[in-house]
Each structure stands twice: as C-alpha cells, then as structure tokens.
Amino acid sequence: MHTDIFIDNAFSTAAGAGRFDVINPATEEILASVAEGDATDVDAAVESSRRCFESEEWQTLSGRKRGAILYRAASLMESSLDDIARLETLQNGKPLFESKIDVAMTVDTLRYYAGWADKLTGETIPVEGPYLTYTLREPVGVVGAIVPWNFPLNLASWKVAPAIAAGCTVVLKPAEETPLTALVLAELLREAGLPAGALNVVPGFGPTAGAALVRHPGVDKIAFTGSTEVGRTIMRDAAHSLKRVTLELGGKSPNLIFADADMKAAIRGAQTGIFYGKGEVCAAGSRLLVERAVKDQVVEELAARAKKLVPGDPFAKETRLGAVVSHGQQARVLDYIRQGTAEGATLVAGGNPARVNDKGYFVEATVFDAVTPDMTIARDEIFGPVLAVMAFDDLEEAVALANQSMYGLAAGIWTRDVSKAHRVAARLRAGTVWVNTYNAYDPAASFGGYKQSGFGRDLGREALANYTELKTVWVGL
C-alpha cells in the first residue's frame, strides 16, 4: 500500500514532509499515514504534467498506443480486483460487495475509454468558396481532477480515463478521507506503460492542495466532483485564469412511485435508491414522492425494510449498510435527523447512531414520513441513509414536487404506464432519469446534472468533449 505523493512515476514524500491519517470509519483505527501535499507539491506535479504533455514522447504517442495502456491497466486492475476492493472498503466503510462493484466498473471505464482513444475525429465542412475546411479534436492540455470520498477509485477513473484517451495529462487530487486507491490507480497505469508525468497524484486537503490546483496557471482544465458549495468556490477561483471547468455536484433526487407501479419492485428500488452506499451517493433517491393512494403501504414496508438493514462489519457477507465515511459526516447526518424531527416530520425508522463491536461511524437506515417541501430534510443534500417521504395526488403535483429543488442530478419513476413514464421523464429537470430501476450506471451512458447539480458530463462519448479543443482549419484551393 503506497502512502506518498506520486509525481513523475515515482512515490516521494511531500515537500513540507507533512502527513495526515486515514481512518477506517468502521473501526476508528488509523489505516495509514499519507503524505500531505500542498501548493509546492501541486506546482511540482503540474510542471511534471506540463513537461510530459509538451514532450515529443507524449505528442507522438498515438491514440491507439494510449488506448493500449488503458487496456493493460484495466487488465492489471481486474487481476487485483479483490485486494483493491478490500482497500476501498477499509478507507470508505462501504460493504465489500459494493466496493467490488465499484472496482469492476472502474475496469469497465478504463476499457471503454481505451476504445475511444484512436477514434476522436474531426469532420470536413462544406463552406462557400474555394476552400477545404475541416476540424480537429485536440487535447485541452493539463487537467486538474478533484474527486470525492464516496466512490474514490471509480470517480477518479471517470476523469482520468477520458482525459488520457483524449491525449491530456492529469494531476489528480483525491479526497483526504480516501486517497489510497487513487495511488493504486497511478501505480497500475505506470506498470501499464504510462509515461512519467501523464498522471500525477497529490493527496492533501481541499483548502491547500485542491485550491492550489484550481488556481494554478499551468492547469488548463478542472474536472470536479463534489459538493455544490465547493463547486461555487472552484468556479470563482478558476475565473482568474479562465480555465475550463466541468462540475458534477450535489443532488436531492426525487424518486416517484405512482399507484400503478409494480409495488414490490418500486419499494425495493426506493430502498436501493437511498440506502445503497449508505446514502453517500450524489444521485441518491433521497426524496421519495408517493401517490397518496399507496403512500401508507409504501412507508410501512420501507420502514420494515429499513429496520432490517442493521449496520454491520463492512467485510461480513450479510452486511448491506456500512459505516459513513467519517466522524464528521456521521455528526452531520445525525444533525439533519434532529432537524427533521424538530421541524415536524414523522420518524418511522432509524434515526440513531450505531456501533459495531463498540466502534465505528454508523448511522441507522432512517425513514421520515409526513415531510413537506419546506423542511430542511426535503431541501438539503444530507449525504447519508436518510429518506424523506412526501405524498402527491396527481401527475402534475408529482412533477411540480420533483422539480421543486435547486438540484437536478437524477430522478426515478415507477409506473406500469409506459406513456406516463415517458411524459414524466420529459418534464423532470434532471440529467439522468431512471424508469422502473434506480442507480443504474454504465461507462457508455453519460452522467451529469441540471441546475445547481453542475454542468458538463462524465462518462459516455460526451465526456470526451470535456478534454478536447475544437480547431477549425481553412485551406485555400
């Protein structure tokens, strides 16, 4: 397990020799002491990535060869999937079966963008006059990627893989809570043949390492996933150099259950929508909107299911609810639960902290009924296993409630009426809409938000546009 900064394909201590502890949230034990990067280390990383980007080696490395590197890294990761998943669970607290899903998708993401690396093409344009006019897709340059702690490795691949496929070089700043698998990714890409400087990893804190990366004049583009509040700060700081920015931010996603839905599937989907990943999911279905005729049935069954989701050892096969990522996050979630009760919502399940073997930052699966749109738990992104249930009487009210949020990341619809599903999906202001499913992802399907959930898209062909410049060439004939 590497715990140092990764620059120029080598691990080294931070310039200031500082270190910080990574805590296992399920046991409260120190998992590792990691080098704490600061502005000096970011400067060294950016210089390394710039040097690589402008080198003859990188400029002449074809898309096919970059793709081959990504393919090899994917195979190396796949062969170590169990060990990497274990490390992800140790630093994040999620159940091991979830970490295995995350690492498997990371493998898929590397392979997906490996296939794109030699397929970025321009086009010829029929213009007036004696000209041959065509476009070129060129890499934007040095990318600063900043990723959160909820899906540490997977979300890193969402930035790194398309950037490298497009011909960019990358400086990655992982979350301070979960830096370890980002360093594994760097090691695997080095082993796969990625040139020195093409990916540098600087663990550290947001106000120091993260801010230095955003403000650095040598960075051409910032790709960020995290909170809306931090996203606003990044936009302000990036404005000084007018660097390009894409933001995948917070969510308060509505999950709509109509009375004509397959109720068993809908209730199971509502459970998965909020409790998978301990609710630490940007697109979590944290607002459950239920047609009034079936609302009591849904709440009763969901409450029963929540009570059976007992927090447990993330490495136990039966565990489906792990530890939230930190003591601070646990305190934040519990404070929201207190606010929900104080503002008049009805607590029907959970609501308490929990411990496993008398340790850990666990929170019970929590369900609130009788929630109104003005309540804090209906408006704020809690980022924990807390569900707010609201009733609606007809389709128009359902759509209005769903869109009554500053966020627009994702939404779910449960109905047997195909026509209704399409009508509602078209009216929801969200970047992803799931119909009769929830939390479905694939590297080929783009993901991103409307409104204050950000702009730009990760995944899919669309993500490649984040990392390229479009050049138009006119040739007189």
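In this text the structure is predicted, and so the values were computed from the model without any measurement.

Mind laying out empty space enclosed by the protein, listing which residues take part and the relevant values?
The gaps left among the atoms become clear once a water-sized probe is rolled over them. Counted by the stated rule, this structure contains 4 cavities of 30 Å³ or more. Each pocket or cavity is described by its volume, and for the largest cavity that value is around 70 Å³. If you trace the largest cavity, you find 14 residues lining it, with Pro254, Ala402, Tyr407, Ala410 and Arg429 closest to the centre. Elements with a minimum of two residues in the lining of the largest cavity: helix H14 (395-403), strand S19 (407-408) and strand S20 (410-414). Of the residues in the lining of the largest cavity, the class split is 8 nonpolar, 3 polar and 3 charged.

Any details on the environment of Asn357? Residues and values, ideally.
Residue placement: Asn357 occurs in the loop between strand S15 (353-356) and strand S16 (359-363). Owing to a relative accessible area of 70%, Asn357 belongs among the exposed residues under this scheme. Considered as a pair, Asn357 and Ala10 are 347 residues apart in the sequence and their alpha carbons are 39 Å apart.

Please set out the pairing of S20 residue by residue, giving values where relevant.
A large share of S20 lies buried, amounting to 5 of its 5 residues. Residues Ala410, Gly412 and Trp414 of S20 are buried on one face, and the alternating residues Ala411 and Ile413, pointing to the opposite face, are buried as well. Examined bridge by bridge, strand S12 (residues 254-257) and S20 share 3 bridges and lie parallel to one another. Residue Asn255 lies in a different strand from S20, and its bridge partner there is Gly412. Summarising the sheet, S20 and strand S21 (residues 432-435) pair through 4 bridges and their orientation is parallel. What sits directly across from Ile413, in S21, is Val435. A crossover links S20 with its parallel partner S21, the connecting element being helix H15 (residues 418-427), and its sense is right-handed.

Account for the pattern of salt bridges, with residues named and values stated.
Tallied over the full model, the rule gives 24 salt bridges. The salt bridge involving Lys359 is made with Glu29; its shortest N-O contact spans 3.6 Å. In this pair, Lys359 sits in strand S16 while Glu29 sits in the loop between strand S3 (19-23) and strand S4 (30-35), placing the two residues 330 residues apart along the sequence. The residue Arg111 makes a salt bridge to Glu78 at a minimum N-O spacing of 2.8 Å. Residue Arg111 is found in helix H5 (residues 96-116), and its partner Glu78 is found in helix H3 (residues 63-79); the two are separated by 33 residues along the sequence. On the basis of relative accessible area, Glu78 is assigned to the partly exposed category, the value being 42%. Here the salt bridges do not stand alone but share partners, grouping Glu28, Arg355 and Asp358 into one network.

How would you summarise helix H10 (residues 263-275) if you had to cite specific residues and measurements?
Helix length check: H10, at 13 residues, gives a terminal C-alpha distance of 18 Å against a target of 18 Å (1.5 Å per residue), a fit within 8%. Within H10, 10 of the 13 residues are buried, which leaves it mostly tucked inside the rest of the structure. Here H10 has its buried residues at Met263, Ala265, Ala266, Ile267, Gly269, Ala270, Gln271, Gly273, Ile274 and Phe275. Looking at the buried residues of H10, the elements they touch are S12, strand S13 (287-291), helix H11 (292-308), strand S17 (366-369), strand S18 (386-392) and S20. Looking at the residues trailing H10, positive phi occurs at Gly277, about 70 degrees.

Residue-level account of H14, with values.
Think of an α-helix as 3.6 residues a turn; residues three or four steps apart then line up on the same face. Leu395, Ala398, Val399, Leu401 and Ala402 are the residues of H14 that are buried. Here the buried residues of H14 occupy an arc of 165 degrees about the axis, which is enough to place them on one side. Considering only its buried residues, H14 is in contact with S12, S13, S18 and H15. Of the residues flanking the start of H14, the one acting as N-cap is Asp394, its side-chain oxygen 3.3 Å from the backbone nitrogen of Glu396.

So, the sheet that holds S12: which residues are in play, and what are the values?
Strand order across the open sheet formed by 7 strands is S14-S17-S18-S13-S12-S20-S21, with mixed pairing between neighbours. This sheet does not close on itself; its edge strands, each paired only once, are strand S14 (346-349) and S21. Mean inter-strand twist for the sheet, computed between neighbouring axes without regard to direction, equals 25 degrees. Here 3 bridges tie S17 to S18, and the two strands are oriented parallel to one another. Within S18, the position partnered with Thr366 by the bridge is Val386. Packing against the sheet, helix H12 (residues 327-342) makes contact with S17 and S18, and its axis sits at approximately 20 degrees to S17. Running at roughly 165 degrees to S20, H15 makes contact with S12, S20 and S21 of the sheet.

Parameters and conventions
- Residues numbered from 1 in each chain as written.
- Predicted model: local features only at pLDDT ≥ 70, side-chain atom pairs only at ≥ 80, totals over all residues.
- Heavy atoms only, no water.
- 1 Å grid on protein atoms, 1.4 Å probe; cavity = no way out; pocket = protein on both sides within 12 Å on 5 of 7 lines; lining within 4 Å.
- Points joined across faces, edges and corners; volume = space filled by probe spheres on them.
- Helix = DSSP H or I, 4+ residues; strand = E, 2+ residues; numbered from the N terminus.
- Nonpolar A, V, L, I, M, F, W, Y, C, P; charged D, E, K, R; others polar.
- Buried < 20%, exposed > 50% of the residue type's maximum accessible area, 1.4 Å probe, protein only.
- Pairing = 2+ DSSP bridges.
- Right-handed = clockwise from strand over helix to strand, strands pointing away.
- Salt bridge = Lys/Arg side-chain N within 4 Å of Asp/Glu carboxyl O.
- Expected span 1.5 Å × (residues − 1).
- Contact = heavy atoms within 4.5 Å.
- Arc of directions from axis to C-beta.
- Polar contact = N/O pair within 3.5 Å; in protein donor to acceptor, adjacent residues only side chain to side chain.
- Axes fitted to C-alpha atoms, helices over the stretch in contact; angles between N-to-C directions.

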